[in-house]
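The chain contents come next:
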Amino acid sequence: MPHNEKGFLNRTHQTLEGGPKMNEVKFKKLREFLEQNEAEAWNKTQGLRQEYEKSYERLFAKLPIESMEQAETRSFEVISKTLKTLEGVVDFSEVDLGHGLGHLVRDYFHAVVLARKTKIDPKQAYIGIIGGVLHDILGCALIKRYSENERAVRHAEAGGLLFLEISKDIGVDQDEALLIYYAIAAHTNYLKPSTVKCSDGIEREVQPYRDTDNENNPIMSIWLTRWADRLDTNGP
């Protein structure tokens, strides 16, 4: 693994030459959609949540990841392609303090080390590493992390939606993309329901994300994403 922010970013550049770029107009439309149409964005995220919760076991079972080596290699490819796609579209230096590239790189180290040290299914590790790295930087490019008190669709959900858009251009299967979407969206560990009066004047109830299976075992991809985030205690 590269051992600092510069090394990580250099490696992503060396991994990919060329590759797809996100259309700047498409990015701006997504940001405007989130800012101006929270009702529609809320309905979309709730639909994705329901789809995941009824089908996640089947979707994990079909993931073509059979070893930790595969999980690490493939997750780095997806992360690299995602960041590369946003070059020239997003200025990551403007992302809220504590949630930019430094946070991303530290979270990459945390996620990989945790995945290696924990007895975890490679399929879960694969999704968890990607979620652990991308959970903040995508959404914080769209929604200010520290101004979410009047929103029910926050940076976590916004980041998931941005990844879904990018996934179509980088060859990620859409069932796989839904698993990644949910890991990103669910990294905000709500412990109980809360009612939010949104900027459009409508009150919405934000529910905790499902993070255990039918036998009450942890869905490790979600917990790996959260643990990687929490380990970053050193600040920006």
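Below is a short write-up of the structure. (Residues numbered from 1 in each chain as written. Predicted model: local features only at pLDDT ≥ 70, side-chain atom pairs only at ≥ 80, totals over all residues. Heavy atoms only, no water.)

**What about the overall build of the protein chain?**
A tally of helices and strands in the protein chain yields ten helices and two strands. Ordering the α and β elements of the protein chain from the N terminus gives α-α-α-α-α-α-α-α-α-β-β-α. Burial status across the protein chain gives 54% buried among its 236 residues. Of all intrachain contacts in the protein chain linking residues separated by at least 6 positions in sequence, the fraction that spans at least 24 positions is 77%. A total accessible area of about 11200 Å² is found for the protein chain, and carbon and sulfur atoms account for 47% of it. (Helix = DSSP H or I, 4+ residues; strand = E, 2+ residues; numbered from the N terminus. Buried < 20%, exposed > 50% of the residue type's maximum accessible area, 1.4 Å probe, protein only. Contact = heavy atoms within 4.5 Å. Areas by Shrake-Rupley, 256 points an atom, 1.4 Å probe, with all protein chains shown as cover.)

**Here we look at the nonpolar core**
Core analysis: the biggest nonpolar cluster contains 74 residues, and Leu34, Tyr52, Leu134, Leu162 and Phe163 have the highest contact counts within it. Here the element with the most residues in this core is helix α9 (residues 174–185); it accounts for nine residues. Those residues within four positions of Phe163 in sequence are excluded, and the remaining contacts are Val78, Thr82, Leu134, Leu138, Val172, Ala177, Ile180 and Ile184. (Core = buried A, V, L, I, M, F, W, Y, C linked by side-chain atoms within 4.5 Å.)

**Quick look at the packing of helix α2 (residues 24–36) against helix α3 (residues 38–61)**
Helix-helix packing is described using two parameters, namely the angle between the two axes and the distance between the axes. In the contact formed by α2 and α3, the axes pass within 6 Å of each other and the chain directions differ by 100°. It follows that α2 is roughly perpendicular to α3 by the angle criterion. Within the contact between the two elements, α2 uses Phe33, Leu34 and Gln36 and α3 uses Glu38, Glu40 and Ala41. Tallied by class, the residues present in the contact of α2 with α3 amount to three nonpolar, one polar and two charged. (Axes fitted to C-alpha atoms, helices over the stretch in contact; angles between N-to-C directions. Parallel < 35°, antiparallel > 145°, perpendicular 65-115°, else oblique. Nonpolar A, V, L, I, M, F, W, Y, C, P; charged D, E, K, R; others polar.)

**Let's talk about the pairing of strand β2 (residues 203–206)**
Only one face of β2 is covered, namely the one carrying Arg204 and Val206; the face carrying Glu203 and Glu205 has none of its residues buried. As paired elements, strand β1 (residues 194–197) and β2 share four bridges and run antiparallel to each other. Paired with Lys197 across the two strands is Glu203, which belongs to β2. Hairpin connection from β1 to β2: five residues lie between these consecutive antiparallel strands, with Gly201 at a positive phi of about 90°. (Pairing = 2+ DSSP bridges.)

**Let's talk about the packing of α3 against helix α8 (residues 155–167)**
For the pair α3 and α8, interaxial distance at closest approach is 11 Å and the crossing angle is 75°. It follows from the interaxial angle that α3 and α8 lie roughly perpendicular. Residues Lys44, Thr45 and Leu48 of α3 form the contact with α8, whose own contacting residues are Glu157, Leu161 and Leu164.

**Comments concerning the side chain of Glu148**
The residue Glu148 is located in the loop between α7 (137–140) and α8 in this model. Among the polar contacts listed, one links the side chain of Glu148 to the backbone nitrogen of His155, at a separation of 2.5 Å. Not counting residues up to four positions away in its chain, the partners in contact with Glu148 are Ile143, Arg154 and His155. (Polar contact = N/O pair within 3.5 Å; in protein donor to acceptor, adjacent residues only side chain to side chain.)

**A few points about the packing of aromatic side chains**
Following the criterion strictly, the structure yields seven aromatic pairs and no others. With centroids separated by 5.9 Å and ring planes inclined at 55°, the aromatic side chains of Phe76 and Tyr108 adopt a geometry described as tilted. With Phe76 in helix α4 (residues 68–85) and Tyr108 in helix α5 (residues 101–117), the pair connects residues that are 32 residues apart, well separated along the chain. Of the two residues examined, Phe76 and Tyr108, each falls in the buried class. For the ring pair Trp223 and Trp227, a centre distance of 6.3 Å and an interplane angle of 40° mean the geometry is tilted. Of this pair, Trp223 and Trp227 are both found in helix α10 (residues 220–230), four residues apart, which corresponds to roughly one turn of the helix. In this structure an aromatic cluster arises from ring pairing among Tyr52, Tyr56, Tyr182, Tyr190 and Tyr209. Across from the ring centre of Tyr209, 4.1 Å away, lies the NZ or CZ of Arg49, which sits over that ring. Over the aromatic face of Trp223 sits the side chain of Arg226, whose NZ or CZ is 4.7 Å from the ring centroid. (Phe/Tyr/Trp six-rings, centres within 6.5 Å; stacked < 30°, edge-to-face > 60°. Lys NZ or Arg CZ within 6 Å of the ring centre and 35° of its normal.)

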